[in-house]
Amino acid sequence: EEAKIKGYVETIMGRRRPTPDVKSGNFMVREAAMRQAVNMPFQGSAADIMKLAMIKIQQALDALAETGERSEERERARLLLQIHDSVIIECREQDAVEVAALVKDIMENTYPLPIKQTVDTSIGKNWGEL
């Protein structure tokens, strides 16, 4: 209904997607636009939160690196990859538990929602172990 009235839908952070086709006379075009209008606020909001979390994670990893005294300690952890709602971070084995706890806290608290967000972490020597 919002898409029909306003001509757009938006994420919880205000990012908008125009929805002119929800008023199309073509049934298939209109129904596809309606599905997109329903889906976008959810998926778009998740993407917005993920982007904010990744920025905060990188800032935290940078701060963690600044605490190292030797050059190898300055490269304690780095954000390698994001896949949907997951991030892969490379770090020294002895830092893995600390980094995982840091990332979990950031991701669960990046954006306040009426429900608690929960994040699972796993540690492995390679992607196949995660």
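As a starting point, this report considers the structure included with it. Keep in mind it's a predicted model, so treat the numbers as computed, not measured.

### With respect to the overall build of the protein
Stage number 1. Summing up its helical and strand segments, the protein has four helices and four strands in all.
Stage number 2. Along the protein, from the amino end to the carboxyl end, the secondary structure elements read α-β-β-α-α-β-β-α.
Stage number 3. Expected size for 130 residues packed as a compact globule is a radius of gyration near 14 Å; at 20 Å, the protein overshoots this value by more than 25%.
Stage number 4. The principal-axis extent of the C-alpha atoms belonging to the protein is close to 65 × 30 × 25 Å.

### Looking at the side chain of Ser 24
Stage number 1. Note on placement: Ser 24 falls in the loop between strand S2 (16–18) and helix H2 (27–66).
Stage number 2. Ser 24 gets classed as buried once you look at its relative accessible area, which sits at 17%.
Stage number 3. Within polar-contact distance, the side chain of Ser 24 engages the backbone nitrogen of Asn 26 at 3.0 Å.
Stage number 4. Here Ser 24 is in contact with Val 29 and Arg 30, once residues within four sequence places are set aside.

### Topic: a nonpolar patch on the surface
Stage number 1. Judged by side-chain polarity, Ile 12, Met 13, Leu 52, Ile 55, Leu 113 and Ile 115 come together as a nonpolar surface patch covering roughly 500 Å² of accessible area.
Stage number 2. Mapped onto the elements, Met 13 comes out in the loop between strand S1 (8–10) and S2.

### What to know about the pattern of salt bridges
Stage number 1. Overall, the coordinates contain ten salt bridges when judged by the stated rule.
Stage number 2. Asp 48 is paired through a salt bridge with Arg 15; the nearest N and O atoms lie 2.8 Å apart. One end of the pair, Asp 48, is in helix H2; the other, Arg 15, is in the loop between S1 and S2, with 33 residues separating them in the sequence.
Stage number 3. Between Glu 31 and Arg 30 there is a salt bridge; the shortest N-O distance is 4.0 Å.

### Some words on the environment of Ile 89
Stage number 1. Looking at the element boundaries, Ile 89 is found in strand S4 (residues 86–91).
Stage number 2. Between the C-alpha atoms of Ile 89 and Leu 61, which are 28 residues apart in sequence, the distance is 9.8 Å.

### Focus on the packing of H2 against helix H4 (residues 96–109)
Stage number 1. For the pair H2 and H4, the least separation of the axes is 9 Å and the interaxial angle reads 145°. The hand of the H2/H4 crossing is right-handed. Across the interface between the two elements, Met 50, Ala 53, Lys 56, Ile 57, Ala 60, Leu 61 and Leu 64 from H2 touch Glu 98, Val 99, Leu 102, Val 103, Ile 106 and Met 107 from H4.
Stage number 2. Tallied by class, the residues present in the contact of H2 with H4 amount to eleven nonpolar, no polar and two charged.

### Some remarks on the pairing of S4
Stage number 1. The sheet contact formed by strand S3 (residues 77–83) and S4 spans six bridges and is antiparallel. The residue of S4 that forms the bridge with Ile 83 is Ser 86.
Stage number 2. Connecting S3 to the antiparallel partner S4 that follows it, the hairpin turn spans two residues, and His 84 within it adopts a positive phi of roughly 55°.

### Some words on H2
Stage number 1. The end-to-end C-alpha separation of H2 is 58 Å, in line with the 58 Å expected for 40 residues at 1.5 Å each.
Stage number 2. Its maximal kink placed at Met 40, H2 deviates by approximately 40°, while the proline Pro 41 follows within four residues.

Calculation notes
Residues numbered from 1 in each chain as written. Predicted model: local features only at pLDDT ≥ 70, side-chain atom pairs only at ≥ 80, totals over all residues. Heavy atoms only, no water. Helix = DSSP H or I, 4+ residues; strand = E, 2+ residues; numbered from the N terminus. Rg over C-alpha atoms; globule rule 2.2 N^0.38 Å. Buried < 20%, exposed > 50% of the residue type's maximum accessible area, 1.4 Å probe, protein only. Polar contact = N/O pair within 3.5 Å; in protein donor to acceptor, adjacent residues only side chain to side chain. Contact = heavy atoms within 4.5 Å. Patch = residues over 30% accessible without salt bridge, like charges linked within 9 Å, V, L, I, M, F, W, Y side chains within 5 Å. Areas by Shrake-Rupley, 256 points an atom, 1.4 Å probe, with all protein chains shown as cover. Salt bridge = Lys/Arg side-chain N within 4 Å of Asp/Glu carboxyl O. Axes fitted to C-alpha atoms, helices over the stretch in contact; angles between N-to-C directions. Left-handed = near helix turned anticlockwise from the far one by under 90°. Nonpolar A, V, L, I, M, F, W, Y, C, P; charged D, E, K, R; others polar. Pairing = 2+ DSSP bridges. Expected span 1.5 Å × (residues − 1). Bend = angle between axes of the 7 residues up to and from the residue.

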